[in-house]
Amino acid sequence: MVTYFIVPAVFGGFTFLIVLFVAPVIVAEADLVAGVAGLILDSSNRYFATTPPIVASYIANLNLAIVAVTAGLLMTVGVQLLAIVQAAFVGLCRGIGSLLRWERKKDEARDLPPIEMDARYRDAKEEKRVFGRGLDSIDRD
(Lines give C-alpha, C1' and ligand atoms only; values in the text may rest on other atoms or scores of the structure.)
Protein backbone atom coordinates (compact mmCIF):
# COMPACT_ATOMS: atom_id res chain seq x y z
CA MET A 1 0.00 0.00 0.00
CA VAL A 2 2.84 2.35 0.80
CA THR A 3 4.42 1.81 -2.61
CA TYR A 4 1.22 2.32 -4.56
CA PHE A 5 -0.53 5.14 -2.69
CA ILE A 6 1.53 6.96 -0.08
CA VAL A 7 4.83 7.35 -1.95
CA PRO A 8 3.13 8.67 -5.13
CA ALA A 9 1.03 11.05 -3.01
CA VAL A 10 4.21 12.37 -1.35
CA PHE A 11 5.86 12.92 -4.74
CA GLY A 12 2.71 14.66 -6.00
CA GLY A 13 2.57 16.85 -2.91
CA PHE A 14 6.22 17.84 -3.29
CA THR A 15 5.67 18.64 -6.95
CA PHE A 16 2.63 20.75 -6.07
CA LEU A 17 4.58 22.69 -3.43
CA ILE A 18 7.60 23.17 -5.68
CA VAL A 19 5.50 24.48 -8.58
CA LEU A 20 3.40 26.69 -6.32
CA PHE A 21 6.14 28.18 -4.14
CA VAL A 22 9.62 27.54 -5.60
CA ALA A 23 9.04 27.89 -9.35
CA PRO A 24 7.74 31.51 -9.13
CA VAL A 25 11.00 32.49 -7.41
CA ILE A 26 13.01 31.17 -10.38
CA VAL A 27 10.62 31.97 -13.25
CA ALA A 28 7.97 34.67 -13.34
CA GLU A 29 4.46 33.40 -12.69
CA ALA A 30 3.12 34.75 -15.98
CA ASP A 31 5.94 33.09 -17.94
CA LEU A 32 5.33 29.79 -16.17
CA VAL A 33 1.59 29.82 -16.88
CA ALA A 34 2.17 30.96 -20.49
CA GLY A 35 4.72 28.17 -21.04
CA VAL A 36 2.34 25.52 -19.76
CA ALA A 37 -0.51 26.95 -21.87
CA GLY A 38 1.74 26.95 -24.92
CA LEU A 39 2.73 23.31 -24.41
CA ILE A 40 -0.90 22.27 -23.99
CA LEU A 41 -1.99 24.25 -27.04
CA ASP A 42 0.84 22.80 -29.17
CA SER A 43 0.02 19.23 -28.20
CA SER A 44 -3.70 19.90 -28.74
CA ASN A 45 -2.99 21.23 -32.25
CA ARG A 46 -0.77 18.25 -32.98
CA TYR A 47 -3.28 15.59 -31.96
CA PHE A 48 -6.65 17.20 -32.70
CA ALA A 49 -8.00 19.06 -35.75
CA THR A 50 -9.68 21.63 -33.49
CA THR A 51 -9.00 22.32 -29.85
CA PRO A 52 -11.51 20.41 -27.68
CA PRO A 53 -13.76 22.62 -25.52
CA ILE A 54 -12.37 21.16 -22.27
CA VAL A 55 -8.79 22.03 -23.27
CA ALA A 56 -9.85 25.53 -24.38
CA SER A 57 -11.65 26.09 -21.07
CA TYR A 58 -8.62 24.83 -19.15
CA ILE A 59 -6.28 27.19 -21.00
CA ALA A 60 -8.69 30.14 -20.55
CA ASN A 61 -8.88 29.65 -16.77
CA LEU A 62 -5.22 28.74 -16.29
CA ASN A 63 -3.37 30.24 -13.32
CA LEU A 64 -0.47 29.16 -11.11
CA ALA A 65 -2.61 27.23 -8.63
CA ILE A 66 -4.22 25.19 -11.40
CA VAL A 67 -0.80 24.52 -12.94
CA ALA A 68 0.51 23.36 -9.54
CA VAL A 69 -2.47 21.07 -8.91
CA THR A 70 -2.21 19.60 -12.41
CA ALA A 71 1.54 19.01 -12.05
CA GLY A 72 1.01 17.35 -8.66
CA LEU A 73 -1.71 15.07 -9.98
CA LEU A 74 0.32 14.14 -13.06
CA MET A 75 3.35 13.36 -10.88
CA THR A 76 1.20 11.21 -8.58
CA VAL A 77 -0.21 9.20 -11.49
CA GLY A 78 3.25 8.91 -13.09
CA VAL A 79 4.85 7.54 -9.92
CA GLN A 80 1.96 5.11 -9.46
CA LEU A 81 2.46 3.82 -12.99
CA LEU A 82 6.19 3.43 -12.36
CA ALA A 83 5.46 1.50 -9.14
CA ILE A 84 3.07 -0.81 -11.00
CA VAL A 85 5.58 -1.43 -13.81
CA GLN A 86 8.32 -2.08 -11.25
CA ALA A 87 6.11 -4.56 -9.35
CA ALA A 88 5.21 -6.35 -12.57
CA PHE A 89 8.88 -6.55 -13.60
CA VAL A 90 9.94 -7.88 -10.18
CA GLY A 91 7.11 -10.43 -10.25
CA LEU A 92 8.13 -11.55 -13.73
CA CYS A 93 11.77 -11.95 -12.66
CA ARG A 94 10.78 -13.88 -9.53
CA GLY A 95 8.51 -16.13 -11.59
CA ILE A 96 11.29 -16.88 -14.04
CA GLY A 97 13.66 -17.58 -11.14
CA SER A 98 11.21 -19.96 -9.47
CA LEU A 99 10.63 -21.76 -12.78
CA LEU A 100 14.37 -22.17 -13.23
CA ARG A 101 14.74 -23.51 -9.66
CA TRP A 102 11.79 -25.88 -10.22
CA GLU A 103 13.32 -27.12 -13.50
CA ARG A 104 16.66 -27.64 -11.77
CA LYS A 105 14.98 -29.72 -9.04
CA LYS A 106 13.36 -31.95 -11.66
CA ASP A 107 16.72 -33.10 -13.00
CA GLU A 108 17.99 -36.12 -11.12
CA ALA A 109 21.47 -35.91 -9.72
CA ARG A 110 23.78 -38.27 -11.54
CA ASP A 111 26.37 -40.17 -9.58
CA LEU A 112 29.96 -40.08 -10.65
CA PRO A 113 31.64 -43.35 -11.51
CA PRO A 114 33.42 -44.99 -8.56
CA ILE A 115 37.02 -44.01 -8.00
CA GLU A 116 39.43 -46.82 -8.72
CA MET A 117 42.12 -46.78 -6.07
CA ASP A 118 45.44 -48.47 -6.31
CA ALA A 119 45.39 -51.91 -4.66
CA ARG A 120 48.42 -50.95 -2.51
CA TYR A 121 46.40 -48.28 -0.72
CA ARG A 122 43.09 -50.15 -0.65
CA ASP A 123 44.52 -53.35 0.90
CA ALA A 124 47.01 -51.67 3.26
CA LYS A 125 46.58 -51.76 7.03
CA GLU A 126 45.06 -48.70 8.75
CA GLU A 127 48.36 -47.34 10.08
CA LYS A 128 50.03 -47.74 6.70
CA ARG A 129 47.32 -45.84 4.72
CA VAL A 130 48.87 -42.52 3.86
CA PHE A 131 47.28 -40.64 1.01
CA GLY A 132 49.77 -37.96 0.11
CA ARG A 133 50.33 -36.19 3.42
CA GLY A 134 53.65 -34.47 2.91
CA LEU A 135 56.86 -35.97 1.64
CA ASP A 136 56.64 -39.02 3.93
CA SER A 137 54.08 -40.69 1.68
CA ILE A 138 56.62 -40.80 -1.16
CA ASP A 139 59.10 -42.59 1.04
CA ARG A 140 56.61 -45.29 2.08
CA ASP A 141 55.69 -46.41 -1.42
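Above this text sits the structure in question.
Here the structure is a predicted model, which means the values were calculated and not measured.

What about the overall build of the protein?
A count of helices and strands for the protein gives six helices and zero strands. Going residue by residue from the N terminus, the α and β elements of the protein occur as α-α-α-α-α-α. The proportion of buried residues among the 141 residues of the protein is 14%. Of the contacts formed within the protein by residues at least 6 apart in sequence, a portion of 62% connects residues at least 24 apart. Summing over all exposed atoms, the protein offers an accessible surface of approximately 11500 Å²; the carbon and sulfur share of this is 67%.

With respect to the side chain of T15
On the secondary structure map, T15 appears in helix α1 (residues 2-26). Classification of T15 as buried rests on a relative accessible area of 15%. Sequence-distant contacts of T15, defined by excluding residues within four places in its chain, comprise A71, G72 and M75.

Some points on helix α2 (residues 29-47)
In this model, α2 (19 residues) spans 27 Å end to end at C-alpha, consistent with the 27 Å of a helix rising 1.5 Å per residue. Taken together, the buried positions of α2 are V33, A37 and S44. Viewed along the axis of α2, the buried residues span an arc of 30 degrees, placing them on a single side of the element. Away from the buried face of α2 by more than 90 degrees, exposed residues D31, L39 and R46 are located.

About the criteria used
- Residues numbered from 1 in each chain as written.
- Predicted model: local features only at pLDDT ≥ 70, side-chain atom pairs only at ≥ 80, totals over all residues.
- Heavy atoms only, no water.
- Helix = DSSP H or I, 4+ residues; strand = E, 2+ residues; numbered from the N terminus.
- Buried < 20%, exposed > 50% of the residue type's maximum accessible area, 1.4 Å probe, protein only.
- Contact = heavy atoms within 4.5 Å.
- Areas by Shrake-Rupley, 256 points an atom, 1.4 Å probe, with all protein chains shown as cover.
- Expected span 1.5 Å × (residues − 1).
- Arc of directions from axis to C-beta.

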